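# A closer look at the structure
So you can see what is in the structure, the chains are spelled out below.
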Amino acid sequence: MTSDAYLADCRARLAFDLLSNTWNAVVIWSLRRGPSRHGELRELIGGISSKVLTETLRRLEFNGLVERRVEDGAPARISYELTALGRTLLGPIDAFGAWAFEHGDEVMAAQERHGG
């Protein structure tokens, strides 16, 4: 893929859109160890409302990255798990996180220099 393909290729833009939403990457990373229930995810992530978590899980499910599982019982137990496709994003998310860890101070310093 040439660098110009990022401008025109809908698939490349789709991938950037998926990772540009803060909560998408956070939820995917939070599910890396296996299935979790909604409340467990909220507690693990912290700082995310129930509504935003539900919207994020639905968006990830719509894109084939997360599977919602309903276990019979009263009440029904609902859990969320990464699909095989969702697991393919763990490497890029990890690499992006490593970049942020290494260069985050530089970015914040630049923001401060520009009044941000």
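Here is what the cut-offs are and how they apply
Residues numbered from 1 in each chain as written. Predicted model: local features only at pLDDT ≥ 70, side-chain atom pairs only at ≥ 80, totals over all residues. Heavy atoms only, no water. Helix = DSSP H or I, 4+ residues; strand = E, 2+ residues; numbered from the N terminus. Rg over C-alpha atoms; globule rule 2.2 N^0.38 Å. Contact = heavy atoms within 4.5 Å. Areas by Shrake-Rupley, 256 points an atom, 1.4 Å probe, with all protein chains shown as cover. Lys, Arg positive; Asp, Glu negative; His and termini not counted. Charge placed at Lys NZ, Arg CZ, Asp CG, Glu CD. Phe/Tyr/Trp six-rings, centres within 6.5 Å; stacked < 30°, edge-to-face > 60°. Buried < 20%, exposed > 50% of the residue type's maximum accessible area, 1.4 Å probe, protein only. Polar contact = N/O pair within 3.5 Å; in protein donor to acceptor, adjacent residues only side chain to side chain. UniProt positions renumbered as here; feature names shortened; annotations may be inferred.

### Examining the overall build of the chain
The secondary structure content of the chain amounts to seven helices and three strands. For the chain, the sequential pattern of α-helices and β-strands runs α-α-α-β-α-α-β-β-α-α. Taking 2.2 N^0.38 as the reference for a compact globule, 116 residues should give roughly 13 Å; the C-alpha atoms of the chain span a radius of gyration of 17 Å, well beyond that estimate. Taken along the three principal axes of its C-alpha coordinates, the chain extends 55 × 35 × 20 Å. Taking the contacts inside the chain whose residues are at least 6 apart along the sequence as the reference set, 42% of them involve residues at least 24 apart. Carbon and sulfur atoms form 56% of the exposed surface of the chain, whose accessible area is close to 8300 Å². Here the chain carries 14 positive and 16 negative side-chain charges, and the mean point of each set is 6 Å from the other.

### Points about the packing of aromatic side chains
Tallied over the full model, the rule gives one aromatic pair. Aromatic pair phenylalanine 96 and tryptophan 99: ring centres 6.2 Å apart, planes at 20 degrees, arrangement stacked. Of this pair, phenylalanine 96 and tryptophan 99 both sit in helix H7 (residues 90-113), three residues apart, which is roughly one turn of that helix. For tryptophan 99, a relative accessible area of 44% translates into the label partly exposed.

### Some details on helix H3 (residues 22-30)
For H3, the full list of buried residues reads Asn24, Ala25, Val27, Ile28 and Ser30. Check the buried side of H3 and you find it contacts helix H2 (10-20), helix H4 (38-45), helix H5 (50-62), strand E3 (77-82), helix H6 (84-87) and H7. For H3, the capping residue at the N-terminal end is asparagine 21, with a side-chain oxygen 2.9 Å from the backbone nitrogen of tryptophan 23.

### A word on the UniProt feature "domain: HTH hxlR-type" (unreviewed entry) in the chain
Within this structure's numbering, the places UniProt gives as "domain: HTH hxlR-type" (unreviewed entry) are residues 10-108. Between the end C-alpha atoms of residues 10-108 there is a gap of 31 Å, over a span that is 65% helix and 14% strand.

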